[in-house]
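Fold and geometry: a report
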Amino acid sequence: MALRRTQKQKLYRYTVYVVLAALLVWALVTADWARLGPLFLNPEVALKMLPGIVTVGLVNTLWFTAVAFAGGLVLGVVLALMKMSVIAPFRWIATVWIELFRGLPALLTIFAIAYILPIAVGVRNQDLGGPVVLGLVGLILVASAYMAETIRAGLQAVPKGQTEAARSLGMSPMKTTFWIVIPQGFRIIIPPLTNEFVLLLKDTSLLFIAGSFIWSKELTTFARDATTQNGNATPLIMAALLYLVVTIPLTRFSAWLERRMARQR
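Residues numbered from 1 in each chain as written. Predicted model: local features only at pLDDT ≥ 70, side-chain atom pairs only at ≥ 80, totals over all residues. Heavy atoms only, no water.

The next thing to look at is the environment of Ile110. Considering the arrangement of structural elements, one finds Ile110 in helix H6 (residues 106-121). C-alpha separation for the pair Ile110 and Leu206, spaced 96 residues apart in sequence, amounts to 7.8 Å. Ignoring any residue separated from it by four or fewer positions in sequence, one finds Ile110 in contact with Gly135, Gly138, Leu139, Leu206, Leu207 and Ile209. (Helix = DSSP H or I, 4+ residues; strand = E, 2+ residues; numbered from the N terminus. Contact = heavy atoms within 4.5 Å.)

Okay, the packing of helix H4 (residues 52-83) against helix H9 (residues 173-203) next. When two helices pack together, their arrangement is given by the angle between the helix axes and the distance between those axes. Packing of H4 against H9 brings their axes to within 11 Å, and their N-to-C directions diverge by 140 degrees. Once H4 is placed against H9, the crossing between them reads as right-handed. Only Thr177, Phe178, Ile182, Phe186, Leu193, Phe197, Leu200 and Leu201 of H9 make contact with H4, whose side of the interface consists of Thr61, Leu62, Thr65, Ala66, Ala68, Phe69, Leu73, Val77 and Leu81. Along the lines of polarity and charge, the residues of the contact of H4 with H9 split into 14 nonpolar, three polar and no charged. (Axes fitted to C-alpha atoms, helices over the stretch in contact; angles between N-to-C directions. Left-handed = near helix turned anticlockwise from the far one by under 90°. Nonpolar A, V, L, I, M, F, W, Y, C, P; charged D, E, K, R; others polar.)

For the structure shown, the criterion picks out four salt bridges. Salt-bridge contacts for Lys83 lead to Glu149; the nearest nitrogen and oxygen are separated by 3.3 Å. Separated by 66 residues along the polypeptide, Lys83 in helix H4 and Glu149 in helix H7 (residues 131-156) bring together distant segments of the chain. One salt bridge in this structure joins Arg224 and Asp225, with 3.2 Å as the shortest N-O distance. Overall, the relative accessible area of 16% leaves Asp225 in the buried class. Put simply, Lys83, Arg102, Glu149 and Arg152 are held in one network by salt bridges that share partners. (Salt bridge = Lys/Arg side-chain N within 4 Å of Asp/Glu carboxyl O. Buried < 20%, exposed > 50% of the residue type's maximum accessible area, 1.4 Å probe, protein only.)

Our next topic: a nonpolar patch on the surface. A cluster of nonpolar side chains, Leu24, Val25, Leu28 and Val29, forms an exposed patch at the surface whose accessible area comes to about 390 Å². Along the chain, Leu28 falls in helix H1 (residues 5-30). On the accessibility criterion, Leu28 (46% relative accessible area) is partly exposed. (Patch = residues over 30% accessible without salt bridge, like charges linked within 9 Å, V, L, I, M, F, W, Y side chains within 5 Å. Areas by Shrake-Rupley, 256 points an atom, 1.4 Å probe, with all protein chains shown as cover.)

Below, the discussion takes up a positive patch on the surface. A cluster of like positive charges, contributed by Arg187, Arg252, Arg259, Arg260 and Arg263, occupies part of the molecular surface. Per-element tally for the positive patch: the top contributor is helix H11 (residues 234-264), with four residues. One can find Arg263 in helix H11. Judged by relative accessible area, Arg263 falls into the exposed class, the value being 62%. (Lys, Arg positive; Asp, Glu negative; His and termini not counted. Charge placed at Lys NZ, Arg CZ, Asp CG, Glu CD.)

With that out of the way, let us pick up the packing of H4 against helix H5 (residues 88-103). Two numbers describe how H4 lies on H5: the axes approach to 7 Å, and their chain directions differ by 130 degrees. Considering the angle they form, H4 stands oblique to H5. Once H4 is placed against H5, the crossing between them reads as left-handed. Along its contact with H4, which presents Leu75, Leu79, Met82 and Lys83, the element H5 presents Phe90, Arg91, Ile93, Ala94, Thr95, Trp97 and Ile98. (Parallel < 35°, antiparallel > 145°, perpendicular 65-115°, else oblique.)

Structure below.
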């Protein structure tokens, strides 16, 4: 007897579930836990990491992410408006900025701002706040380029009728942009901006290239140094879990926002 389409889909789905479950059970049963346990899940090493990996590593990661996101957002708005400007030089500057920092690897940008820029201007990087601060500036520049395109897309998605209605009421182009277009545009781009925050959270690990002191270590650097000192991979597992504790709720929140806005539209 031929199966209906829905029955075939259910059969396929259940088959995939069974295969994945079987692979998971096989991996758990065949793993050498006597060797892997002490190497990756050592309680003594984990206790040594507390509370520092949270109070220093996680706190610094969140702090760097918040600063990079805020700076990138402000610059991104400016760049988006410049790229939409009727003044050609503004569009050229914004386009070059966006293409440059989106095209270069973030690691290269951070290294260049932290070490090459001070040499180019003839000062020590300590005079400009130190390599960590300059590296954070580099991360802001990278974030601004990506956010600018997201913001521009959101602003252009606002119906033109909104702008025309505001202008018919006597509002100037600048007031229309800041009081009508930008608020509605940001309402559209909240989900992708949330995703950008998650990406920045992970990209803070690139700041290791700028060096670090104990006060400036983010999660990855903190875990890397602890792994080297203890000769054990448990700190890396702890750092991974802390990343997931922050990123999973954020990604779920972003998905919920997308579904809610889709229903509203």
